[in-house]
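Remarks on the overall topology
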Amino acid sequence: MTELAPHLQAWAAELAGYDPALALSLADPLRRLAAALGPVPRLAPTGEGEPAGFDGLTRRGDPAHLLLSEWLLADDVPDEFLRRAVDGELAFLAPRRVDAVHARRGVALFDGGPDQIGAPRLLHVVALLVLARRTRLGGGAFQWGLLQDADRRLMVHVTPAAARHLQRARAATQAAPAHLAGWLDALGPLGAEDDLWLVGGPSLDALGGPGSRLRITEVLDPDEDALEVQVLRGGARARTLRLPLPDDATATRLLRHPLRQPTVTDAASGVPTALALSANASRALCLDDTGALVAHHVPNAPVKRAGALGRVRRLAPWPGFTMLGGAYWKRKTVALSADDAKVVLARGGAVLSMFERPPDFEAGEGFVALAQHSAQNPEAVYYLAPRGRLWRVPAHGELPLRVWSEGVVATAVGGALLVEPDAPVRLCYRRFDGSIPKPIATTARAAEAVLGQGQAAWPDEAGQWHVTGVWTDAPPTPIDVPPGARVLGVPDYGPPRLWVADADGVTVRLVGEAGEMGRVTAEAPVQDVAVGASREVVVFLLTDGRLSLHAVGVAGPLYQVQPGGDA
């Protein structure tokens, strides 16, 4: 993978995640606009900041700060001491005080009106990067928002996903004085240390009020593809830049797909090491020994035929990134990966969102199936980290990565099972839409519970398993689990049942209130197994690296995948 060019290394924090080839096209406008804006203005020291030791010597000061050598002179030669005091020749320690000499808050408001659609959006992104870096170097905190946003939402992220959100922002109305007035009320009083910028087109001229301006217009010359930028700052003389536009293909990629992309191929390589099934059981998701995510199509019809596996997609991680989990979502494979600094959500090979990695973000070993907010609403996916911490990963970068809940023991589409911290034996179900947790059961073995989209199952202290609907108040159904068997999951459909596996994992059974209702058996020793919540299918990862798909009621495997991806 191509790294950033040497002359862009100073912008590495702002350009992290951008396709390095596209970042080159931003180099000239970034440097020229940064030079036109200059550094954050310094404020004159007030001398009233917090004490921070001493800083050299001075001829005036508090007697308590007089040098010891001067006090020695007062004892031995008092007349000379008095002469020096009268003539201002005594030496004092000069106190050092820390003053707020940099802008403490940088705010950029962008005009999303009709005259900024198209090419000016490229300069919005450049301005976002330049202003964010300018504030960061000045020691301040940077925030940005949209002038026409009635909710006055301030965003702090300056990731590529956030920049893409800025590019997609649209408003049917031009920027008006009322928009700025609403923002000024939301921001509160602006001090001399605050650095407010308005970025937009000619409509900025009528806004009035405080703040510096970046006025962007297209050059009306058929022989020149360029944008004109005027830098209007306080009483300073206006500066005008003419910035050439990149070629059409590069400009289109910058507006639509500016992020560095994972590598996607149609063939698998490497040996599977971990296994999960997507929520609708239409994809078998594997992690192979190269660290890549491999998605295998699970056919709808339970028939045994060559090629039933369909196309195999392999998503290779970026160098240094680790795949954490996957899902099949909106007809494409979603992958979550992380390195020491970033957490990235990608879908079908395109980055959806990128976040700074929080200090408390833990990456577990192996591979998990990501839970989904809902089948219809692509708002977020959920990653269950070690020790029951469930992270909410938004599909778009304008929202932060955050912990949704602690104490989570199982997840499914739409919600999660969790153990309340103040009642560690009380098992509850909570929907991802934020509804109040619904009590499910009180059991000391709550951590062993499993969840489907509509049903939950848990064992009591005596080892008896129970299944109940998470959306109904019907009494739970007791189900006997064979001795030594391990409960794998609970189906989303039909009567209350459980997926259970023998101790060696070779045989997986469906058991209900009346006993065993079906089984599948692997043809070789098993390394891992995944069961379908919405379909009666089981995928085995055999110890020799093969994937083997079985369906309840069908003798033998439907298909197998050899190590390396051959169906």
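Residues numbered from 1 in each chain as written. Predicted model: local features only at pLDDT ≥ 70, side-chain atom pairs only at ≥ 80, totals over all residues. Heavy atoms only, no water.

**Brief notes about the pairing of strand S28 (residues 455-459)**
What counts, and what does not: Buried residues are those whose accessible area, probed at 1.4 Å on protein chains only, stays under 20% of the maximum for their type, while exposed residues exceed 50% and partly exposed ones sit between those limits. Working definition: helices are DSSP H or I runs of at least four residues, strands are E runs of at least two. Numbering for both runs from the N terminus. At least two DSSP bridges between two strands are needed for those strands to be called paired.
Burial of S28 is extensive: 5 of the 5 residues sit out of reach of the surface. Taking every second residue as pointing to the same face, both faces of S28 are buried, with Gln455, Ala457 and Pro459 on one and Ala456 and Trp458 on the other. Bridge analysis of strand S27 (residues 450-451) against S28 gives 2 bridges, and the strand direction is antiparallel. The partner of Val450 across the bridge, within S28, is Ala457. The turn linking S27 back onto S28 is made up of 3 residues. Examined bridge by bridge, S28 and strand S29 (residues 465-469) share 5 bridges and lie antiparallel to one another.

**Describing the pattern of salt bridges**
Note the following rule: What makes a salt bridge here is a side-chain nitrogen of Lys or Arg within 4 Å of a carboxyl oxygen of Asp or Glu, nothing more.
Overall, the coordinates contain 25 salt bridges when judged by the stated rule. Measuring nitrogen to oxygen at the nearest pair gives 3.0 Å for the salt bridge that ties Arg153 to Asp149.

**Focus: the sheet that holds strand S32 (residues 497-501)**
In plain terms, the rule: Every angle, taken between N-to-C directions, lies between 0 and 180 degrees, and every axis is a line fitted to C-alpha atoms, over only the stretch in contact when it is a helix.
Across the sheet, which stays open at both edges, the 4 strands sit in the order S31-S32-S33-S34 with antiparallel pairing between neighbours. This sheet does not close on itself; its edge strands, each paired only once, are strand S31 (486-489) and strand S34 (515-521). Each strand of the sheet is rotated relative to its neighbour by a mean of 35°, with strand direction disregarded. The pairing of S31 with S32 spans 3 bridges and is antiparallel. Note that in S32 the partner of Val487 across the bridge is Val500.

**Section: the packing of helix H3 (residues 68-76) against helix H4 (residues 78-87)**
For the record, the criterion: Oblique is the label for any angle not covered by the other classes, which are roughly parallel (under 35 degrees), roughly antiparallel (over 145) and roughly perpendicular (65 to 115). The contact rule is simple, with two residues in contact once any of their heavy atoms fall within 4.5 Å. Three classes are used: nonpolar for Ala, Val, Leu, Ile, Met, Phe, Trp, Tyr, Cys and Pro, charged for Asp, Glu, Lys and Arg, and polar for all others, with Gly counted as polar.
Running from N to C, H3 and H4 cross one another at 130°; their axes reach a closest spacing of 5 Å. As far as their axial angle goes, H4 and H3 are oblique. Contacts between H3 and H4 pair Glu70, Leu73, Ala74, Asp75 and Asp76 from the former with Pro78, Glu80, Phe81 and Arg84 from the latter. Across the contact of H3 with H4, the residue classes break down as 4 nonpolar, no polar and 5 charged.

Geometric values such as these leave the question of function open.
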